Amino acid sequence: MSASISDTPLSAASVNLHLGDRSSAFALQILDECASTNSVLLDTPPADDGRVHVVVTERQTAGRGRRGRQWQSWPGASLTFSTLWRFAPGAPVPAGLSLVAGLAVVRALEKLGVSGLQLKWPNDVLVNGHKLAGILVELLPGRGRTPAAVVGIGVNLQLPADAQIADQPGVTDLGHHVSPLPERNQLLAQLLAELHALFDTYAAAGFAALRGAWQQRNAFADLPVRITGEVQEIAGICAGVDDDGALLIRTDTALVRILSGEVSLRSAK
Ligand SMILES: O=C(O)CCCC[C@@H]1SC[C@@H]2NC(=O)N[C@@H]21
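Here the residue numbering is sequential within each chain, running from 1 through the sequence in written order. Where local features are concerned, this predicted model is filtered to residues with pLDDT of at least 70; where side-chain atom pairs are given and counted, the filter is 80 or more; whole-chain, interface and lining totals use all residues. Excluding hydrogens and water, the side-chain figures rest on all heavy atoms present in the structure.

Chemist: Would you explain the packing of helix α1 (residues 12-19) against helix α4 (residues 184-205) in this entry?
Modeler: For any two helices packed against each other, the geometry comes down to the angle between their axes and how far apart the axes lie. The axes used here are C-alpha line fits, helices contributing only the stretch in contact, and every angle between their N-to-C directions lies in the interval 0 to 180 degrees. A run of H or I in DSSP counts as a helix once it spans at least four residues, and a run of E counts as a strand once it spans at least two, with each numbered from the N terminus. For the pair α1 and α4, the least separation of the axes is 8 Å and the interaxial angle reads 50 degrees. As far as their axial angle goes, α4 and α1 are oblique. In terms of crossing hand, the pair formed by α1 and α4 is right-handed. Across the interface between the two elements, S14, V15, H18 and L19 of α1 pack against N185, Q186, L188, A189, L192 and A193 of α4. Under the scheme applied here, ten amino acids are nonpolar (Ala, Val, Leu, Ile, Met, Phe, Trp, Tyr, Cys and Pro), four are charged (Asp, Glu, Lys and Arg), and all others, including Gly, are polar. Grouping the constituent residues of the contact of α1 with α4 by class yields six nonpolar, four polar and no charged. Here roughly perpendicular refers to angles of 65 to 115 degrees, roughly parallel to angles under 35, roughly antiparallel to angles over 145, and oblique to all remaining angles. Crossings are classed by handedness, with left-handed meaning an anticlockwise turn of the near helix from the far one by less than a right angle and right-handed meaning a clockwise turn. Any pair of residues with heavy atoms lying within 4.5 Å of one another is described as a contacting pair.

In structure tokens, the structure reads:
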């Protein structure tokens, strides 16, 4: 394993350098510590100045994940950040957004040399079945007619050897899959660039334009799965996603469509 990834401090100048021409599209705020980068943007949304606002922090004291779970991270060992996206009225915001974010994370990491990445619906990023990154999308309420969403992303970079992650037995970090580790500012810039490119496509053409790319990385394609969190448990074969980003499960009797992200998808093997 290479030297600690935290050797290079987070720096707006460095992220902007890596972004090049694209840096003017983003407004970056770097915090030493906060409860949750999602909360920073949700609680005090910055004024709409046409840029994508980004909050990145060294340490979250109350990081959260999907379904009310805690998101644990360690200073320097994880990259934790959130972005605020505003869409034109009528844009297809909620449904496929978290899937698009997952795809953007995969593409960014692939460009930095990580291989074997897969997506678990709706948006976990896995390598060999172990979770490398998580995404939490929360919609911004009551902001007039412009739909807006906070997209929070946590990437495990180089977890401490004794890291205990509650409720998440199958966890991995970037240090196990790429050498040398990408520098954090470069990684953040790559992630922002991919998010920007894919959200543009999504806003213009909907999830249908990205469905094929998502399905290529579907960790459960054609495999037996079990869904919990619905009124009743659903078991069947994972038949991919539809043009809205809904998960399709082929049961013995029907093709069931699951749109809610508040479910848990598991292998049924
Ligand atoms: O896998 C999950 O359940 C989603 C995890 C999302 C974690 C990120 S870290 C940055 C942002 N701030 C948070 O509190 N959560 C997200």
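Chemist: Teacher, can you tell me more about the pattern of salt bridges here?
Modeler: A pair can form between side chains of opposite charge whenever their charged atoms are brought close. Here, a salt bridge means any side-chain nitrogen of Lys or Arg that lies within 4 Å of a carboxyl oxygen of Asp or Glu. In the structure shown here, the tally under the stated rule is eleven salt bridges. Note that R217 is salt-bridged to E110, the shortest N-O span being 2.8 Å. With R217 in the loop between α5 (208-216) and β8 (224-228) and E110 in helix α3 (residues 94-111), the pair connects residues that are 107 residues apart, well separated along the chain. On the basis of relative accessible area, R217 is assigned to the buried category, the value being 12%. Judged by relative accessible area, which is 31%, E110 ranks as partly exposed. Across the salt bridge formed by R226 and E233, the nearest N and O atoms sit 2.8 Å from each other. In this scheme, a residue with accessible area under 20% of its type's maximum is buried, one over 50% is exposed, and one in between is partly exposed, where area comes from a 1.4 Å probe on protein chains only.

Chemist: Please explain the domain arrangement of the protein chain as it appears in this structure.
Modeler: Under the domain assignment, the protein chain is made up of domain 1 (12-215) and domain 2 (220-267). Contacts between the two partners involve 13 residues from domain 1, matched on the other side by 21 residues from domain 2. Taken together, both faces of the contact between domain 1 and domain 2 bury some 1300 Å²; the carbon and sulfur share is 55%. Put simply, buried area is how much 1.4 Å-probe accessible surface two parts lose in total, over both of them, once they are put together. The largest per-residue losses of area from domain 1 upon contact with domain 2 belong to R67, K120 and W121, which jointly make up 49% of the total buried on that side. Here domain 1 is connected to domain 2 by one salt bridge. A salt bridge links R211 to D243, with the shortest nitrogen-to-oxygen separation between them at 3.4 Å. Whenever a nitrogen or oxygen atom comes within 3.5 Å of another N or O atom, the pair is scored as a polar contact, on the condition that within protein one atom can donate a hydrogen and the other can accept it, and that pairs from neighbouring residues in sequence are kept only if both atoms are in side chains. Taken together, the connections running from domain 1 to domain 2 amount to four residue pairs in polar contact (both at pLDDT 80 or more). When residues of the side of domain 1 that touches domain 2 are traced back to their parent elements, those giving at least two are α3 and α5. With four residues, α5 is the single largest residue contributor to the side of domain 1 that touches domain 2. By convention here, the domain bounds are inherited from an automatic or database domain assignment.

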